[in-house]
Amino acid sequence: MSTEQNEGESFPRMRREKERVHEQQEQGDGIGWDGQTLRDQFEALEEKTEETGHYAGFEQLELKQNNPIEYEQMFAQLRGDLVNARETSKEVAATPIVEQEGELCYGLFTPEGDSIAVSTGIIVHIHTMSEAIKYMINHDYEESPGIEPGDIFVNNDTHVGDVHACDIMTLIPIFHEGELVAWAGGVNHVIDTGAIGPGSMNVSQASRFGDGAYYTARKVGEDLKLFNSWKKDYPDKTRTPDFLKLDERTRMTGCLMIRDAVKNIIDEYGVKQFKQLSREAIEDGRRGFRNRIKKTMLPGTYRGASFVDALYEGQDNLTRAYADENHLMHAPSELHVREDGSFQVSFEGANKWGWHPYNCTPAAIQGGIWVMLTQTVIPNSNVNDGAYYSCDFHLPVGSWANTQNTETAHAYAWHFLVSAWAPLWQHLSRGYFSRGFWEEINAGNANTSNWLQGGGIDQFDKLHAVNSFESACEGVGARYVEDGEPHAAAIWNPEGDMGDAEVWEMTEPLPFLGRAVKPNTGGAGRRAGGAGFESMRTVKDVSRWLLYEMGNGYMTSDGGLFGGYPAASGYILNAQNTDLEERFENQEDYPQHDLDPESGDFESKINGDITRRPEGISTPKEFDDYDMYLNYLRGGSGLGDPLERDPEDVVADIHDGYVLPRHAKDAYAVVVEKVDDEAKHNSAVQGEWELDEEATEELREERMQERAETSQPVTEWYEEQRERIRTEENLIDDVKKTYESSMRMSKQFAEFYHEFWDLPEDFDFTLSEKAEKSLENRFKTGLKQKWDNPTKGHETWLGVGRDDEPEVPYTWTADRTIQDLPTPDASFSDTKAEPATDDD
Amino acid sequence: MPESYPREHIEDLVDDNLEWNQLHDMMSDFKDADRFQQVRDVLQERVDWDDPIIIPYADHLYVVAKPDGRWVIKCDCGHEFCEHDENWKMDALINVRDSEEAYLEIYPEDMHPHPDYMELREFFCPGCNTLLEVTNVMPGYPLIHEFEPDIETFYSEWIEEPIPTAEPESA
């Protein structure tokens, strides 16, 4: 860039490219290869892929086969340039979200929008940016507003291609000799989206109109200069304009570095070879995915279900009266691993979307699976849209997973997304177990919350918003071979980091009173789930300041595996109108933790209005100086029977702050004795415990006997439960509403449910008037689709209605026979075994 | 990359005797080609019964070949549940945690699911009382049949080996 500017003219190469494009346009040529329009080129690619079963018809990887070293050099160089762009550009940003947490990612895409290579970071966006590019192609952006050298596009519309509005992406086209050869894209998580409440993921809105500003794949600049109309627009649509301006410069810096990198590669190897590489890398990724699956899993069907709560009944500050209701997410998860190693994933039976900000779009769901797969199936640098071409998705239209309704809110889609993907870890782990790859088994992940968010007038007397990314550091699910990593990561950011307290305090008027491992957050098991942690925060030098919580409360979304227990769920703890200031002045004790919610320790050290309740979500509420807020970050799920855990490990758990002493006995049948009150360990725990081996052995024997005495045969339990369901005994309205919602969404789920419990054909749950009205209201809302002109390849998730058989077959049955797996024809016709590549 | 780990290494994996650095190396390395067969063979040695293991199915559970040609799900204690394509849970013992009191044995107050919204179903082996699976679901949810492996395709197409069979019982 600087070299070009030193020549006296800004971006001379870009200008020459632009002139070349204009010449071609005058001849009636498009910007695609060989004069095609971009849409024609995209459709041809989809057709070739469909016909041959290989990406873009690349049945042979000629470059890789004939010149493997050069192939690897080129790919490694591109990948390195992408990582370099991320590492360099994040220093431009001012938010700890980007600078500390690395909530930033870059991708290099084909002209058709398929990801060739991706940087490190929040690689969920490997596919969301891809969708955004495809949206522009499918909606004829080549004609209007035009796609030319030097153009700058911005998108954060989740219905176009994003998870939620706070992930803003910049996309720039890269041209060579009049042809579009690639796109560079960068995305980062911003602090505030200008939603109805402060923060990047407000939770009090009912619809899109409270989510904040949406920018739908918009051209915001030409000649690598931002339009004045853009520069004068977005800063007023956020509470944190300075941060967003630097975020934009961050993304532009990275995209321009990638653009230069591509030009260097083309200069070195020629454009023909660059094009060849871009196709082969994706086909290679597609084959690599399948080969890895065939090498490490078993073909067959894997099933699971996950749930999470979003409780809004009685919450203050809701934007609509009809949003005053409780929602439960139901995510039945079905994975078919087919003979050729490809995946079919179905959420058939998912319940209806709701008037809450946790709805998802296909781009969000598909992005979510990549960020998981790259941490399990594809733990290497060869991450690109090749894996996308190995998967079919069935996301029921009108469900929370695919609303196809632009009125729905999506600000924190991850709440449902993370929870819904929890069973996928277990699907993979069951396959790894059978195959003997025990070192890869992982019970699951953490529900990545709490989200501390809010805003108001900060310590610098400025309007500000906060979004603490301490949540990028949750406990991880237990492995088969080791305990889960404590306070380590978040599914959506594999490089998770809690961030330095001192840095958070620079941008948040919320001083830390304490930070510690939180006991009993990880699920119990032979291998324990990784523990979460907690930060006790106070508030200082603010006015009209709001804070709120976001997380699970009444449900835990992360199940255990092989006898391990789910991770703990969340709760809310605040204190307002406190005597903290007096306690500081008098040098008295004050609460630094809430390690054991039952201990009364917190309440004994502070006076004020204390809110302690087992829910996970609150809407924005006012906080003042010296008020207190507990930020509790969750743990991961456990694996294996807890009675198989080494008793000495349980003693270590107590000292490390992972397990409260009373739960050693209750959850693990381990008897410990406190031998010292004063001893300190490398945790907030004070005291020393010793194992009573003999008593432990006896207790474990007793516990095994108790199991036999207190449990009952499932067949007996089944009869009791069937009666309970028939009579609707002890089933609350929120639960029945969720079942009804799923049954009205899915004929298949309704049939399965009736068949499993042997219910009369005309059985349905009796709902309250309010619940019935809520379902009616949402089902009648219908569809408001964003994509009105998709290519054939994009109809896969649009074309399945609630009364149709899903393209991905539904195999949940009450009888007990395996169903034939579908053939790979659903996506590709090729069933031939492919040679293994070295990408696994 | 080892094409195949030494037998002792796989025994250490099965017996939980590997150090973290060894496990980490196994995670980072390319995957060995004969892992399935090696683990299956070590497991076969570890169990006290003779039915050939077709696949390890879940922790403590196997799909085994019976002399009459059936494939059944069997616990390492010897208890046999059901046919391989059926849900073993239907033949298990169950305990449901669906009260505050039951939750507090495992979780501190306020850190467990609300019993009206979610219950924990604990499934035990009727033979040895080992806790085999815990599922967290809404009350009223059907039993989930988590895994139906396609054993025929796996053996014939993926590893190209005959499926283990048991010697027919002598008359």
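(A) The arrangement of the environment of A:Thr301 in detail. In this fold, A:Thr301 is placed in strand β8 (residues 300–311). Among the residues examined, A:Thr301 registers 23 C-beta atoms within 10 Å and is labelled buried. A C-alpha to C-alpha distance of 52 Å links A:Thr301 and A:Asp676, two positions 375 residues apart in sequence. Residues within four places of A:Thr301 in sequence aside, it is in contact with A:Glu334, A:His336, A:Thr811 and B:Glu148.

(B) Expanded view of the packing of helix α10 (residues 241–269) of chain A against helix α11 (residues 271–296) of chain A. Residues and elements named next belong to chain A. One can describe the packing of α10 onto α11 by two numbers: an axis separation of 7 Å at closest approach and a directional angle of 120°. The angle between the axes of α10 and α11 places the two elements in the oblique class. On α11, the residues touching Ile265, Ile266 and Tyr269 of α10 are Val271, Gln273 and Phe274. Split by residue class, the contact of α10 with α11 holds five nonpolar, one polar and no charged.

(C) How the structure looks around the interface of chain B and chain A. Contacts between the two partners involve 65 residues from chain B, matched on the other side by 77 residues from chain A. Put simply, the parts of the chain that give the side of chain B that touches chain A at least two residues each are α2 (20–28), α3 (35–46), β1 (53–58), β5 (93–97), β7 (131–137), β8 (147–149) and α5 (151–158) of chain B. The leading source of residues in the side of chain B that touches chain A is β7(B), at seven residues. In this structure, strand β23 (residues 712–713) of chain A lies alongside β5(B), joined through two bridges in antiparallel fashion. Following the sheet pairing, A:Gln712 is matched in β5(B) by B:Ile94.

(D) Quick peek at the packing of helix α12 (residues 362–373) of chain A against helix α13 (residues 414–435) of chain A. All names here are of chain A. Relative orientation of the contacting elements α12 and α13 amounts to 50°, with a least axis distance of 10 Å. As the angle between them shows, α12 and α13 are arranged oblique. The two elements α12 and α13 meet at a crossing, and its hand is right-handed. Each of Ala364, Ile365, Gly368, Ile369 and Met372 in α12 lies in contact with α13, whose residues at this interface are Leu417, Trp421 and Leu424. Partitioning the contact of α12 with α13 into residue classes produces seven nonpolar, one polar and no charged.

(E) Spatial organisation of the sheet that holds β8(B). Taken in spatial order, the five strands of this open sheet run β11(A)-β10(A)-β9(A)-β8(A)-β8(B), and their pairing is mixed. Two strands bound the open sheet, and with one partner strand each, they are β11 (391–394) of chain A together with β8 of chain B. The sheet shows a mean angle of 15° between the axes of neighbouring strands, direction not considered. The pairing of strand β9 (residues 326–337) of chain A with strand β10 (residues 343–346) of chain A spans four bridges and is antiparallel. Pairing of A:Val337 across the sheet is with A:Phe343, part of β10(A).

(F) The pairing of β5(B), seen in detail. Bridge count for β5(B) against strand β6 (residues 119–124) of chain B is five bridges, and the pairing is antiparallel. By the bridge assignment for β6(B), B:Asn95 is matched with B:Glu122.

(G) Inspection of the confidence of the model for chain A at higher detail. Residue and element names in this part refer to chain A. Per-chain confidence: chain A averages 92 in pLDDT, with 94% of residues scoring 70 or above. Note that residues 1–7 has pLDDT below 50 and, in this model, six contacts with residues that lie over four places away or in other chains. Low pLDDT, under 50, characterises residues 799–803; the predicted model gives this stretch twelve contacts beyond four residues in sequence or across chains.

(H) Main features of the domain arrangement of chain A. All names here are of chain A. For chain A, the assigned domains are domain 1 (2–287) and domain 2 (305–329 + 357–376 + 400–710). Inter-centroid distance (C-alpha atoms) of domain 1 to domain 2 is 35 Å. For the side of domain 1 that touches domain 2, the elements supplying multiple residues, two or more each, are α6 (96–99), α7 (125–138) and α8 (158–161). The leading source of residues in the side of domain 1 that touches domain 2 is α7, at five residues.

(I) Spatial organisation of the environment of A:Arg249. Residues and elements named next belong to chain A. Secondary-structure assignment places Arg249 in helix α10. Accessibility expressed as a C-beta count within 10 Å gives 15 for Arg249, which makes it partly exposed. Note: C-alpha distance between Arg249 and Lys90 (159 residues apart in sequence) is 9.7 Å.

(J) Here's a closer look at α3(B). With twelve residues, α3(B) should reach 16 Å at 1.5 Å per residue; the first-to-last C-alpha distance of 16 Å fits that figure. For α3(B), the complete set of buried residues consists of B:Arg35, B:Phe36, B:Gln38, B:Val39 and B:Arg40.

Definitions and cut-offs
- Residues numbered from 1 in each chain as written.
- Chains lettered and ligands numbered in written order.
- Predicted model: local features only at pLDDT ≥ 70, side-chain atom pairs only at ≥ 80, totals over all residues.
- Helix = DSSP H or I, 4+ residues; strand = E, 2+ residues; numbered from the N terminus.
- Buried ≥ 20, exposed ≤ 12 C-beta atoms within 10 Å, placed from the backbone.
- Contact = placed C-beta atoms within 7 Å.
- Axes fitted to C-alpha atoms, helices over the stretch in contact; angles between N-to-C directions.
- Parallel < 35°, antiparallel > 145°, perpendicular 65-115°, else oblique.
- Nonpolar A, V, L, I, M, F, W, Y, C, P; charged D, E, K, R; others polar.
- Pairing = 2+ DSSP bridges.
- Left-handed = near helix turned anticlockwise from the far one by under 90°.
- pLDDT = per-residue confidence, 0-100.
- Domains from an automatic or database assignment.
- Expected span 1.5 Å × (residues − 1).

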